[in-house]
Structures are given as structure tokens and as C-alpha cells.
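Architecture at a glance
The primary structure of each chain is shown beneath.
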Amino acid sequence: MGKLGHSEADLLERLRKPDTKRAAFAEVVESYSERIYWQVRRMVHNHDDADDMVQNTFLKAWAGIDDFRGDALLSTWLYRIAMYECLAFLKKNKLGSHSEVDVTDENAFLLEQALADPYFDGDEAEALFAAAIAALPDKQRLVFTLRYYEDMPYSEISRVTGTSEGALKASYHHASRKIESFLRSQH
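What you see is a predicted model; the values in this text were computed from it and never measured. (Residues numbered from 1 in each chain as written. Predicted model: local features only at pLDDT ≥ 70, side-chain atom pairs only at ≥ 80, totals over all residues. Heavy atoms only, no water.)

Describing the confidence of the model for the chain
Averaged over the chain, the pLDDT score is 79; the fraction of residues at 70 or greater is 78%. Here helix α5 (residues 105–116) is the element of the chain with the lowest mean pLDDT, 51, and helix α3 (residues 47–64) is the one with the highest, 91. Within the model, the stretch residues 1–5 combines pLDDT values under 50 with 13 contacts to residues more than four positions away or in other chains. Within the model, the stretch residues 95–107 combines pLDDT values under 50 with 34 contacts to residues more than four positions away or in other chains. (pLDDT = per-residue confidence, 0-100. Helix = DSSP H or I, 4+ residues; strand = E, 2+ residues; numbered from the N terminus. Contact = heavy atoms within 4.5 Å.)

With respect to the packing of aromatic side chains
Under the defined criterion, the tally for this structure stands at 8 aromatic pairs. For the ring pair Phe-25 and Phe-58, a centre distance of 6.3 Å and an interplane angle of 80° mean the geometry is edge-to-face. Of this pair, Phe-25 sits in helix α2 (residues 21–44) while Phe-58 sits in helix α3, and the two are 33 residues apart along the sequence. Assessed through its relative accessible area of 8%, Phe-58 is described here as buried. Seen in terms of ring centroids, Tyr-37 and Trp-38 are 4.9 Å apart; in terms of plane orientation they differ by 85°. Their pairing is edge-to-face. Judged by relative accessible area, which is 10%, Tyr-37 ranks as buried. A residue is classified by how much of its surface remains accessible, and Trp-38, at 35% relative accessible area, is partly exposed. Through pairs of rings, three or more aromatic residues link up here, namely Phe-144, Tyr-148, Tyr-149, Tyr-154 and Tyr-172. Above the ring of Trp-62, the side-chain terminus of Lys-21 is found at 5.0 Å from the ring centroid. In this arrangement the basic side chain of Arg-147 is found over the ring face of Tyr-154, its NZ or CZ atom lying 4.4 Å from the centre. (Phe/Tyr/Trp six-rings, centres within 6.5 Å; stacked < 30°, edge-to-face > 60°. Buried < 20%, exposed > 50% of the residue type's maximum accessible area, 1.4 Å probe, protein only. Lys NZ or Arg CZ within 6 Å of the ring centre and 35° of its normal.)

Looking at the packing of α2 against helix α4 (residues 74–93)
Two elements in contact, α2 and α4, have axes separated by 10 Å at closest approach and are oriented at 35°. Taken as a pair, α2 and α4 cross one another with a handedness that is right-handed. Residue-level contacts link Val-28, Tyr-32, Arg-35, Ile-36, Gln-39, Val-40, Met-43 and Val-44 of α2 to Leu-74, Ser-75, Leu-78, Tyr-79, Ala-82, Cys-86, Phe-89 and Leu-90 of α4. Considered class by class, the residues forming the contact of α2 with α4 number 13 nonpolar, 2 polar and 1 charged. (Axes fitted to C-alpha atoms, helices over the stretch in contact; angles between N-to-C directions. Left-handed = near helix turned anticlockwise from the far one by under 90°. Nonpolar A, V, L, I, M, F, W, Y, C, P; charged D, E, K, R; others polar.)

Below, the structure is given as C-alpha cells:
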């Protein structure tokens with residue numbers, strides 16, 4: 001993942017040295033910000049909110065970089081920080097707090113928000129798919145977007161979320177069924 005020109009071990013070594021720490025972290029930001037942005041954006045559907053969460057993710061990563069032991073990949077650690085940013089934002093704003101996919105005022109609002117966003121391409125099928133994903137409970141949405149868009153293996157999603165692979169597979173399956181049901185109800 002990312003455009004790192006050095007191995008992760010080399011990068012971690014440079015992150016630990018005071019004279020190379022800033023440059024190495026700038027490389028981390030450059031390498032991971034776009035992918036983290038799109039992961040967050042799929043969760044919140046608003047450019048400004050996603051941008052703020054990416055910035056918060058890197059601020060928290062910078063603040064905690066000295067405590068990063070390298071037990072997980074740097075990308076996994078960054079995704080975990082971004083995931084907590086998303087879940088906190090969604091909880092605070094009460095988006096995605098329902099457990100069944102149905103056509104509600106909240107879903108209509110999320111679809112309108114996606115369509116009104118100047119960065120959204122407006123394609124109807126994509127809009128319906130985005131609305132179906134937005135209607136998922138937060139954790140199912142996270143698992144679905146990591147697996148579907150990032151093609152992240154369940155083993156890595158497990159490290160990001162702290163959830164067993166079996167539970168993740170079930171969550172992805174349930175999310176897929178809810179999305180399929182949502183899309184069928186729109187035709």
C-alpha cells in the first residue's frame with residue numbers, strides 16, 4: 001500500500017531518529033493520505049468531514065509515532081486510527097446508527113448529501129450503491145468498505161478492528177445481503 005520508496009523497516013528506523021523523523025513522517029502522509037481519505041470518505045460521504053478526519057488521523061499518528069512499536073504494519077495502525085475517527089464522528093453525528101437497511105429519511109438525507117457533494121460523480125447506480133453502504137451499521141460499513149474497496153484481506157481487517165476473521169466474514173456477508181436488498185427495493 002502507498003508509494004513508499006523505502007522498506008517499512010527503513011521507514012520505521014527513520015521515524016525513530018530525531019534528525020530524519022519529520023521527513024519520514026512527511027513520506028508517510030504523502031504515501032497513505034489518499035487511501036485513508038477514500039476509506040474515510042466511503043464512511044462519511046462528505047469531502048470536508050473526510051478531510052478533517054484524515055487530518056486528525058495524521059495528527060494523532062504524529063503524536064503517537066514514538067509509541068508505535070511496529071507490531072503491526074504502519075498501514076494497519078493508520079487505518080485503525082482512521083477507523084476510530086470515523087466511528088467517533090458517526091456516533092457523535094448519529095449517522096448509521098440503525099441496524100436494518102431500509103428507505104428512511106436518514107437514508108434519503110445521506111443519498112442527497114452524496115449527490116450534492118461536488119466531488120461525487122452523480123452516476124445513479126453509484127449513488128444508489130453509496131446510499132446502500134451509508135445505510136449499513138457503522139461496523140458493517142467499515143468491514144464492507146475495507147474488503148470491497150481496499151481488497152484488504154480478512155487477516156488485516158482483523159488486526160485493524162480487533163475482530164475475529166469469522167465474525168468479519170459474517171459481517172461482510174450480512175452487509176452484502178443488506179446492500180443487495182436495498183438495491184432491489186429501489187427498482
